[in-house]
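# Analysis of the macromolecular model
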Amino acid sequence: MRWSKFFIPTLREDPSEAEVISHKLLLRAGMIRKLASGIYNFLPLGFRALKKIENIVRQEMDSAGALEILMPLVQPAELWQETGRWNDYGKELLRFKDRKDHDFCLGPTHEEVVTDIVRRDVKSYKDLPLILYQIAVKFRDEIRPRFGIMRAREFIMKDAYSFDADWDGLDKSYQLMYETYQKIFSNCGLKFKAVEAHTGAIGGDVSHEFMVLAETGEDVLAFCEKCGYASNIELTPAVSGEKYSFESEKPLEKVYTPGVRTAQEVAEFLGLPVSKITKTLIYILNEEEAVAVCVRGDHEVNEVKLEKLFSGKSFRMANEEEVRKIVGASPGFIGPKNLKIKVIADKALEGYPNFVIGANEDDYHYINANLGSTFKPDLVADIRKATEGDLCPKCGEPLQFTRGIEVGHIFKLGTKYSESMKATFLDKDGKMKPFIMGCYGIGVSRVLAATIEQNHDENGIIFPWQIAPFQIAVLYLKEDFKENAEKVYKRLSQRWDVILDDRAERPGVKFKDLDLIGIPVQVIFGKNYEKNRKIEVKIRKTGERKYVSPEELENFINRFENEKD
RNA sequence: CGGGGCGUAGCUCAGCCUGGUAGAGCUCCGGCUUCGGGAGCCGGAUGUCGCAGGUUCGAAUCCUGUCGCCCCGACCA
């Protein structure tokens, strides 16, 4: 491709609408443009990168035996009513009516549609297992779209669905997809980790997320280097590595703590470590019952764990007014002693001697509180987030933590959809049984954003070779070299995706643009070519410059391609 | 949906408080010089000041309403 015939509207300055690095760079590199909130155009360069990712996904899915299909974005309400999700899904599901006043929605996911396909035409265990997938546009009317294509409303997703005759079959399909995902993300050239995950609204019990490791990731992962355990921190059991040294119980004492509310403030005021303070939070269950949740000041409540504890009840934190009504004190002075509501204490408080609690009276705390003698919780459970210093729940080694961006999620669904939609087949034993299903998603457009979050520097994007929209850029800094540069361009193009920067621009502009759009290898006809016929090869990632003769060039790049990483 | 902020040229933003000819830099077009890290000089193009209403002799500026966008919280690939 010749740059002069292509369309790469690069921007010098960061657009004001962009906050995160991938969003800024995608806009600046002329890869995407916003059409509306959470809705983006992919320009030629961005679309090329997207297609590279799609093709890697497609190739691995195909070789795993999954079959590609294409399902409609627009879906009839009837299907969603069958599974109850027409009501359950919430406002993320964009609903509308057609001219005949029939209800439709834009598909945020395709369990209903794919289950419908299968129940119509798959009748026998002999047709199983079956894995269907598509790479298609999804629409979720996110409450708050942000970070460009990282969390868009309209986005590209690869979604796959497996159908098996029994649970063993599902295990096999799940394992197959797990391995396929490992291959896909490796082939994309990404550093990633598969972690145990929370199943959320999709349902089912086992699930893994695939996380691209990046400082800017929204998720925190806990992992163990020794045994390989890894989970989303939402799920990680908190196993304290701290041994509470024996300390005899001191007498409970009420202290005046005017205006000090946060655990940090209380700690400073009393001259104690934050860990000695406890926080008590009030939650409202099903809009009817209040419960108190008590954790150490240096710990954080894990709402996913609470969700499990409250088994399906909706819950939220009480607001300040409600707290005052329930407790009789302001937030910041709440404590578990003498509360009229249920108290759930975190496990870390067991055996923890002489800590501080709110007195349920404004401007007062108690010091030297002890679980058991000061108050008796209705329940002691693991309700906090695992943190630095905690131990691996599998092998007891210290856990490590890192941030990541969720790009893939696989679930064992079981019969949730097949049962509610009466999707059954005739098994060996002559009985009608519901399909055992799994579902497997990859946020294809999000992979592009995550790639950039993981691979960039102050000059721009650094694309991994495998998904770079162009792998090689050829540029010449003098018209005299044009002819030779063209020859090299044509030769390299037979094997790789090459862009020839044939613009009548100054060298600085070309260098800046090439660095910005992240082409891994720059082939430069410049000073060295003039002096001694050596072509300069600049490696975007490392900034290394090598000088090779035209004859060696192809081998050099070939070697680079094989050695990269 | 709650809280905060912003809508002025293609982009980044000034002007608004204190009403009176709509601006700068970059981009874009033409010319000359320049040519290894977003060049210099000369000339030029570009705006319903988000939209609607109101106040006023006069509104980008003040008032009301409305729409859009961004950031913080709950969601997820």
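Residues numbered from 1 in each chain as written. Chains lettered and ligands numbered in written order. Predicted model: local features only at pLDDT ≥ 70, side-chain atom pairs only at ≥ 80, totals over all residues. Heavy atoms only, no water.

### Remarks on the packing of aromatic side chains
- Evaluation of the coordinates by the stated rule reveals 19 aromatic pairs.
- Note on Phe 185 and Phe 192: the rings are 5.7 Å apart at their centroids and 55° apart in plane angle, and the pair reads as tilted.
- Phe 192 sits in the buried class, given a relative accessible area of 17%.
- Across from the ring centre of Trp 86, 5.1 Å away, lies the NZ or CZ of Arg 95, which sits over that ring.
- The lysine or arginine in question, Lys 193, covers the ring of Phe 223, its NZ or CZ lying 4.3 Å from the ring centre. (Phe/Tyr/Trp six-rings, centres within 6.5 Å; stacked < 30°, edge-to-face > 60°. Buried < 20%, exposed > 50% of the residue type's maximum accessible area, 1.4 Å probe, protein only. Lys NZ or Arg CZ within 6 Å of the ring centre and 35° of its normal.)

### Comments concerning the environment of Glu 322
- If you trace the backbone, Glu 322 turns up in helix 9 (residues 320-327).
- Judged by relative accessible area, Glu 322 falls into the partly exposed class, the value being 22%.
- For the pair Glu 322 and Ile 143, spaced 179 residues apart in sequence, the C-alpha to C-alpha distance is 26 Å. (Helix = DSSP H or I, 4+ residues; strand = E, 2+ residues; numbered from the N terminus.)

### Comments concerning the environment of Ala 160
- With respect to the secondary-structure elements, Ala 160 resides in strand 8 (residues 154-164).
- With a relative accessible area of 0%, Ala 160 lands in the buried category.
- Considering only alpha carbons, one finds Ala 160 and Glu 249, 89 residues apart in sequence, at a separation of 58 Å.

### Description of the sheet that holds strand 14 (residues 278-285)
- Strand order across the open sheet formed by 5 strands is 16-14-15-17-20, with mixed pairing between neighbours. Single-partner strands in this sheet number two, and they are strand 16 (315-317) and strand 20 (379-381). When the angles between neighbouring strand axes are averaged without regard to direction, this sheet yields 30°.
- Inspection of the sheet shows strand 17 (residues 342-346) paired to strand 20 by 3 bridges, in the parallel sense. Counted as the bridge partner of Ala 345 is Val 380 from strand 20.
- Strands strand 14, strand 15 (289-296) and strand 16 of the sheet are contacted by helix 9, whose axis makes an angle of about 100° with strand 14. (Pairing = 2+ DSSP bridges. Axes fitted to C-alpha atoms, helices over the stretch in contact; angles between N-to-C directions. Contact = heavy atoms within 4.5 Å.)

### Examining the pattern of salt bridges
- Going through the model one piece at a time under the given rule, you end up with 40 salt bridges.
- Residue Arg 85 pairs with Glu 111 through a salt bridge whose shortest N-O separation is 2.9 Å. Note that Arg 85 is positioned in helix 4 (residues 85-88) and Glu 111 in helix 5 (residues 111-121), a separation of 26 residues in sequence.
- Classification of Arg 85 by relative accessible area gives buried; the value is 6%.
- Classification of Glu 111 by relative accessible area gives buried; the value is 1%.
- The salt bridge partner of Arg 153 is Asp 141, with a shortest N-O separation of 3.0 Å. With Arg 153 in the loop between strand 7 (130-139) and strand 8 and Asp 141 in the loop between strand 7 and strand 8, this pair connects stretches of sequence that are 12 residues apart.
- Judged by its relative accessible area of 18%, Arg 153 falls in the buried class.
- Each of Glu 82, Asp 116, Arg 119 and Arg 120 takes part in a single network of salt bridges with overlapping partners. (Salt bridge = Lys/Arg side-chain N within 4 Å of Asp/Glu carboxyl O.)

### Remarks on the protein's contact with RNA strand B
- Close contacts around RNA strand B come from 48 residues, with Arg 12, Arg 506, Asp 515, Lys 527 and Arg 545 the closest.
- One nitrogen or oxygen atom from the side chain of Glu 92 is found 2.7 Å from a sugar or linking oxygen belonging to RNA strand B.
- Residue Arg 545 places a side-chain N or O atom 2.4 Å away from a base oxygen belonging to RNA strand B.
- Among the elements that line the surface near RNA strand B, the one with the most residues is helix 13 (residues 507-517), at 8 residues.
- Classifying every residue of the surface near RNA strand B gives 17 nonpolar, 8 polar and 23 charged. (Near = heavy atom within 4 Å. Polar contact = N/O pair within 3.5 Å; in protein donor to acceptor, adjacent residues only side chain to side chain. Nonpolar A, V, L, I, M, F, W, Y, C, P; charged D, E, K, R; others polar.)

### Things to note about the domain arrangement of chain A
- Per the domain assignment, the segments of chain A are domain 1 (16-190 + 416-453), domain 2 (254-381) and domain 3 (470-563).
- A straight line from the C-alpha centre of domain 1 to that of domain 2 covers 41 Å. (Domains from an automatic or database assignment.)

### Description of the pairing of strand 29 (residues 521-525)
- Among the 5 residues in strand 29, 5 count as buried, and that is most of the element.
- Burial along strand 29 is two-sided: the face carrying Val 521, Val 523 and Phe 525 and the face carrying Gln 522 and Ile 524 are both buried.
- Examined bridge by bridge, strand 27 (residues 472-476) and strand 29 share 5 bridges and lie parallel to one another. Along strand 29, the bridge assignment pairs Leu 475 with Ile 524.
- Taken together, the 4 bridges between strand 29 and strand 30 (residues 535-539) define a ladder with antiparallel strand orientation. Considered in strand 30, the bridge of Val 523 is made with Val 537.

### Observations concerning the layout of surface pockets
- Taken as a whole, the largest pocket spans an internal volume of roughly 1,400 Å³.
- Contributing to the lining of the largest pocket are 50 residues, with Arg 140, Glu 142, Arg 151, Glu 406 and His 409 lying nearest its centre.
- Counting residues per element, the lining of the largest pocket draws most heavily on strand 21 (residues 400-414), which supplies 7 residues.
- The residue inventory of the lining of the largest pocket, partitioned by class, reads 19 nonpolar, 14 polar and 17 charged. (1 Å grid on protein atoms, 1.4 Å probe; cavity = no way out; pocket = protein on both sides within 12 Å on 5 of 7 lines; lining within 4 Å. Points joined across faces, edges and corners; volume = space filled by probe spheres on them.)

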